[in-house]
Amino acid sequence: MNVYEIGPYWIAAKSADHALGVYVEETHELSDLVIGEPGEGETEEVTISIRQLTRNQVESPSVYCCEDGGCSFCKDEEDAVLISYQDLINKREEREFPCVIAKEE
Ligand SMILES: [Zn+2]
């Protein structure tokens, strides 16, 4: 499973086109996309950047497990703990993918 960063989303998917499909579903109102109003007969382009995280980035603790504490990762801790994207992938079922595993607020 790879992790792709698209806009504010981290999406776990087997390939970039699957990740892009999830992104389009998530942003069906396209509120995250900014597009200028094309004049009559003109064309505006939207560029979507997809970045595949390195294996190291996926496996390094870099994201908090939850907001309020008390999830399965931090139930024995005082606060939310840093976990890796791989941890987020591992806690999900295979059939849930591709899906968003984290979102920048
Ligand atoms: Zn937690």
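Details of the structure are given in the entry above.
Summary of the structure given here. (Residues numbered from 1 in each chain as written. Predicted model: local features only at pLDDT ≥ 70, side-chain atom pairs only at ≥ 80, totals over all residues.)

Right, let's talk about the sheet that holds strand S1 (residues 2-6) for a bit. On the basis of which strands lie adjacent, the open sheet formed by four strands has the order S3-S1-S2-S6 and antiparallel pairing. Only two strands of the sheet have a single neighbouring strand rather than two, namely strand S3 (50-52) and strand S6 (99-103). Neighbour to neighbour, the strand axes of the sheet diverge by 30° on average, direction disregarded. Judged from the five bridges that link them, S1 and strand S2 (residues 9-13) form a sheet pairing that is antiparallel. Bridge assignment links Asn2 to a residue of S2, and that residue is Ala13. Against the sheet, helix H1 (residues 16-26) contacts S1, S2, S3 and S6, and its axis sits at roughly 135° relative to S2. (Pairing = 2+ DSSP bridges. Helix = DSSP H or I, 4+ residues; strand = E, 2+ residues; numbered from the N terminus. Axes fitted to C-alpha atoms, helices over the stretch in contact; angles between N-to-C directions. Contact = placed C-beta atoms within 7 Å.)

With that settled, the discussion passes to the pairing of S2. Summarising burial for S2: four of the five residues are buried, a large majority. Sheet analysis places S2 next to S6, joined by four bridges and oriented antiparallel. Paired with Tyr9 across the bridge in S6 is Lys103. (Buried ≥ 20, exposed ≤ 12 C-beta atoms within 10 Å, placed from the backbone.)

Val3, Tyr4, Ile11, Ala19, Tyr85 and Ile101 are the most contacted members of the largest nonpolar core, which totals 15 residues. Breaking this core down by element, the ones donating at least two residues are S1, S2, H1 and helix H3 (85-90). Counting residues per element, this core draws most heavily on S2, which supplies four residues. Not counting residues up to four positions away in its chain, the partners in contact with Ile11 are Tyr4, Ile6, Ala19, Val22, Tyr23, Pro98, Cys99, Val100 and Ile101. (Core = buried A, V, L, I, M, F, W, Y, C linked by C-beta atoms within 7 Å.)

This is a description of form; function is not addressed.
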